[in-house]
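Structure at a glance
So the chains spell out like this:
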Amino acid sequence: MISDLISNTLRFAILLVLQLFVFNNIQFSGYINPMVYILFVMMLPFETPVWLVLFSSFLLGTLLDIFCDTPGLHGTSVVLLAFLRKFVLNLFSPRDGYESNTSPTLYQLGFGWYIWYASIMVLIHHLTFFLLEAHRFAELHKTLFRSLASGLLTLVFALLYQYLIYRPGSAKS
Amino acid sequence: MRNLVVFFYRNVNLFVFIILEGFCLFLLYSRNHYQKAAFISSSNRIAGDIFTTVNSMQEYFHLKETNENLAIENATLRNLLRSAYHAVDLREKSVNDTSYHMQYRYITARVINNSVNRRNNFLTLGVGSLQGIKSEMAVITSNGIVGITKDVSPHYTSVLSILNKEARISAKIKKNDYFGSLYWEGGDYRIATLSDIPTHVPLAVGDTVTTNTFSAIFPDNILIGTLSSVKVKPGDNFYTLTVRFSANLKNITHVYVIKNLLKEEQKALEEKSQNDK
C-alpha cells in the first residue's frame, strides 16, 4: 500500500514536470500536442477510491492550468476522465473481475487489453480538451483532427512508458 | 434526515465529481475577466519565476540567432540615424517650430513563455507595470507584429498573441491603403487570414500587409507580412486572402512593447463623436 502511494506520488510529480517542459514543447506541424500526464490517472491501482482519483486528478489538472495559462481547461477534461475511469474499467473487466492489488498496466493485463483501455481513455480526454479549447463547432473537422492526431501520439508515448520506464516488479511489491 | 445522509453517503463520488468539475468549468468560463482570479495565471509570481529560470537556460540555444538579428537590426538603426540627422537639418532651415510631437515610446522586453500550438496562444513577458506596461499595448519584434498586452502584474505581462481567436487586428495593404481585418483561423502558425477587402482592388501575391492606426494600438506601417494567396470565391464581393507572417512567432526571444502616448486622446474623441449622434 505504502509503496503504491510513493510510486504514484512520484509519477504525479514526474509526469507534471515532463508535461510542462517537454511534451508541451513538442510542436509537430503546429497542431499536435501530446498530453502524456493522463497516464497518472490511467495507471492508478484498481482499488483506489473514486473520490481520491477525482481529487488527485483535479490537483494535477489545476497545477497544469496554472502553468499553461489555461484556467479550468486541463482541470475540466482530466476530472471528467477520472470520473469515467471506473466505467471504462468495468467495460473491459475480465469475467471474474480484476485481481486484487494490481494496477491497469500492460504487464498485468496484456497488450490487447491495454491498447483498448488506453485508446478509450485518451480519446475521452483529448476530445473533451480540444472541443473545450476551440469552443465552437465551425472548426469541428480541425478540432477532431487535432484530437485524433494528438491522441495517437499520446498513445505512442503511453506504450513507450509501459515498455521502457515502468518496472512491473517495483509496483507489484 | 437519516435517509438524506444515507443518500449523500451512497453518491459521495458523484457529488465530489460535480463539485470539482463545476469549479473547473467556472474557471473556464470566467477567464475573460480573470484579473479577479489572477492567481491562476502565469502572471502569477511563482509560475513566472520558474519560467524565467527555464527560459534563461533555453536562451543559450538561441544565442546565435539572436546575435544575427541584433546585428541586422543595428545596421538598420544606423541607417535610420544618418537619415534622421539629415531630415532635422533640413527642417531647421525651412520650418521654424517644434512641429513633431512624440507619439510612440518603445520598451524592450524579454519573452519568458510562448506557445504557438494551441488554438488560443499567449506569451509572457519579463516586464510589468513597474516598467510602465499597461493592457492593450502593441507588441512587435524587429520584423513584425506579435500581439497585444492583456494582463499586467508588477513584474510580468501576459500577451494575447495574434495566434488567438480573440485577436483581431486592423491591417492595410501597403501599396494602396485599403484596410481589412486580420485574424488567425488556427492550424499553421505562419499564416493568418485577411478579410473585408473588396474585389475591385487590384492585388497580387507578395503584396506587403502592414498595420494602421485605426485601433490606436499599433503605429502606422508596422510590417505584418506578405500576401501568400489571393482568391475570390464565386459570387463573393470580398477577397479570401491569406497572409504569411514576416515574424517567426515560434522563436521570438526579445520584443518591443509600444506605448501610444496619444491613445487616450484619440479614443476619447472618437467616443465623444459617436455618443453625440
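Just above, that's the structure.
A brief look at the structure comes next. (Residues numbered from 1 in each chain as written. Chains lettered and ligands numbered in written order. Predicted model: local features only at pLDDT ≥ 70, side-chain atom pairs only at ≥ 80, totals over all residues.)

**Considerations on the packing of helix 5 (residues 106–134) of chain A against helix 6 (residues 140–165) of chain A**
Residues and elements named next belong to chain A. To be explicit about the condition: The axes used here are C-alpha line fits, helices contributing only the stretch in contact, and every angle between their N-to-C directions lies in the interval 0 to 180 degrees. Under the DSSP-based scheme used, a helix requires at least four consecutive residues in state H or I and a strand at least two consecutive residues in state E, with every element numbered from the N terminus. Crossings are assigned a handedness: left-handed for a near helix turned anticlockwise from the far helix by less than a right angle, right-handed for a clockwise turn. Remark: residues whose backbone-derived C-beta atoms lie within 7 Å of one another are considered to be in contact. The classification used treats Ala, Val, Leu, Ile, Met, Phe, Trp, Tyr, Cys and Pro as nonpolar, Asp, Glu, Lys and Arg as charged, and all other residues, Gly among them, as polar.
It is at 8 Å that the axes of helix 5 and helix 6 come closest, and there the two elements cross at 145 degrees. Where helix 5 crosses over helix 6, the two elements pack in a sense that is right-handed. Packed against helix 5, whose contacting residues are L106, Y114, A118, S119, V122, L123, H126, L127, F130, L131 and A134, the element helix 6 presents T143, R146, S147, S150, G151, T154, L155, A158 and Q162 at the interface. Class assignment of the residues belonging to the contact of helix 5 with helix 6 gives a composition of eleven nonpolar, eight polar and one charged.

**Overview of the environment of L125 of chain B**
All names here are of chain B. Among the structural elements, L125 can be located in strand 2 (residues 122–125). Counting along the chain gives 132 residues from L125 to V257, while the straight-line C-alpha distance between them is 9.6 Å. Ignoring any residue separated from it by four or fewer positions in sequence, one finds L125 in contact with A109, R110, V111, I112, Y156, T157, V159 and V255.

**Here we look at the sheet that holds strand 4 (residues 144–152) of chain B**
All names here are of chain B. Basically, it comes down to this: Note on pairing: DSSP must find at least two bridges between two strands before they are called paired.
Strand order in the closed barrel formed by six strands is 1-2-5-4-3-12, with antiparallel pairing between adjacent strands. The average angle at which neighbouring strand axes cross in this sheet is 45 degrees, direction not considered. Here strand 4 pairs with strand 5 (residues 157–161) via five bridges, running antiparallel. Following the sheet pairing, I148 is matched in strand 5 by L160.

**A look at the interface of chain B and chain A**
Each side of the interface is counted separately: chain B has 30 residues, and chain A has 27 residues. Looking at the side of chain B that touches chain A, the elements with two or more residues in it are helix 2 (12–29) and helix 3 (45–58) of chain B. Its residues assigned to classes, the side of chain B that touches chain A shows 16 nonpolar, nine polar and five charged.

**Let's talk about the nonpolar core**
As a rule of thumb, nonpolar side chains are buried together in soluble globular proteins. The condition that has to hold: For this entry, the nonpolar core is defined as buried Ala, Val, Leu, Ile, Met, Phe, Trp, Tyr and Cys residues connected by C-beta atoms within 7 Å. Comment: burial labels come from other C-beta atoms within 10 Å of the residue's own C-beta, placed from the backbone, where a count of 20 or more is buried, 12 or fewer is exposed, and between is partly exposed.
Core analysis: the largest hydrophobic core is formed by 88 residues, its most contacted members being I38 and V79 of chain A together with V146 of chain B. Ranked by the residues each element gives to this core, the list is headed by helix 5 of chain A, at ten residues. For V146 of chain B, the contacting residues outside a window of four places in its chain are L123, V139, I140, T141, V159, S161, I162, A247, L249, I252 and V255 of chain B.

**Re unusual backbone geometry**
All names here are of chain B. Even without a glycine there, the phi angle at D196 is positive, about 70 degrees. Phi at N221 takes a positive value of approximately 60 degrees, unusual for a residue other than glycine. In this structure, N221 sits in the loop between strand 9 (208–211) and strand 10 (223–232). By the C-beta count within 10 Å, which is 12 here, N221 ends up exposed.

**So, the sheet that holds strand 9 of chain B**
The strands that make up a sheet pair up through hydrogen bonds in the backbone, lying either parallel or antiparallel. Residues and elements named next belong to chain B. Reading around the circumference, 6-7-8-11-10-9 is the order of the six strands in this closed barrel, with antiparallel pairing throughout. Between one strand axis and the next, the sheet turns by 40 degrees as a mean value, whatever way the strands run. Judged from the four bridges that link them, strand 8 (residues 191–195) and strand 11 (residues 239–245) form a sheet pairing that is antiparallel. Across the sheet, residue A192 finds its bridge partner in strand 11, namely V243.

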